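Spelled out, the chains give:
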Amino acid sequence: MIAIAKLTGVLARIALWVAGAGLIAMTAMIAAQVFFRYVLNDSLIWTEPMSVMVMGWFILLGAAVGIREGNHLSFEILLYLASDRMKAVLLSVSDVVVTGFGIGMVVYGWQLAAKTAANTIPSLGISGAWDFMPLIAGGVLISLFTLERLARRAAGLPTSSFTDKVDH
């Protein structure tokens, strides 16, 4: 379990760095678009679709890391009132649902990518399937990280949820 936690910790850090770099890149692209459009009166055609694609990456990678770290949105009032055993059951049910959601992101994202693979994004000259790659990658990481949480909880280890803190 320790080796798996170290591996997923490395994956989470990489995802977080990629998400941060994506946020910076998107900001630079939007700034360039504003400068070119309003100062040079010559719009860049590729910045808007590329910015949206990059935004998908940093949102979904960041969401996956947030799920792993237990810092994602939750409604936890019931957890404060529940016994430790019930708390573990409720957190596990939540993780199973999130895992299913992540798997759905992969499956349906793959189907969408397959359906748009023959299309070309005109301003970028790349396959339309690239629009759905962040959905697939985010779904893989969300599924992996929630499965890790389930395995840690089953082994009696802390899961870095809102109700317990753990060092990685």
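Keep in mind the model is a prediction, meaning the values are calculated, not measured. (Residues numbered from 1 in each chain as written. Predicted model: local features only at pLDDT ≥ 70, side-chain atom pairs only at ≥ 80, totals over all residues. Heavy atoms only, no water.)

Caption draft 1: Quick look at a nonpolar patch on the surface. Residues Ile30, Val34, Phe35, Tyr38, Val39 and Leu40 make up a contiguous nonpolar surface patch of about 600 Å² in total accessible area. Structurally, Tyr38 is set in helix α1 (residues 2–39). (Patch = residues over 30% accessible without salt bridge, like charges linked within 9 Å, V, L, I, M, F, W, Y side chains within 5 Å. Areas by Shrake-Rupley, 256 points an atom, 1.4 Å probe, with all protein chains shown as cover. Salt bridge = Lys/Arg side-chain N within 4 Å of Asp/Glu carboxyl O. Helix = DSSP H or I, 4+ residues; strand = E, 2+ residues; numbered from the N terminus.)

Caption draft 2: Geometry of the packing of aromatic side chains. This structure, assessed with the given rule, holds 1 aromatic pair. Consider the rings of Phe35 and Phe36, whose centres lie 6.0 Å apart with planes at 80°: the pair is edge-to-face. Sitting over the ring of Phe145, Arg68 keeps its end group 5.9 Å from the ring centre. (Phe/Tyr/Trp six-rings, centres within 6.5 Å; stacked < 30°, edge-to-face > 60°. Lys NZ or Arg CZ within 6 Å of the ring centre and 35° of its normal.)

Caption draft 3: Spotlight on the pattern of salt bridges. The tally for this structure, following the rule as stated, stands at 5 salt bridges. A salt bridge links Lys87 to Asp84; the nearest nitrogen and oxygen atoms lie 3.9 Å apart. Here the residue Lys87 and the residue Asp84 both occupy positions in helix α4 (residues 84–116), the gap between them amounting to 3 residues, near one helical turn. Salt-bridge contacts for Arg153 lead to Asp95; the nearest nitrogen and oxygen are separated by 2.9 Å. In this pair, Arg153 is assigned in helix α5 (residues 133–154) and Asp95 in helix α4, connecting sequence segments 58 residues apart. The two residues Arg153 and Asp95 agree in class, both being buried. In this structure, a network of salt bridges that share partners links the residues Arg68, Glu69 and Glu148. (Buried < 20%, exposed > 50% of the residue type's maximum accessible area, 1.4 Å probe, protein only.)

Caption draft 4: Structural view of α5. For α5, built from 22 residues, the straight-helix expectation of 32 Å at 1.5 Å per residue is met to within 8% by its first-to-last C-alpha distance of 32 Å. Positive phi appears at Gly156, one or two residues downstream of α5, with a value of about 80°. (Expected span 1.5 Å × (residues − 1).)

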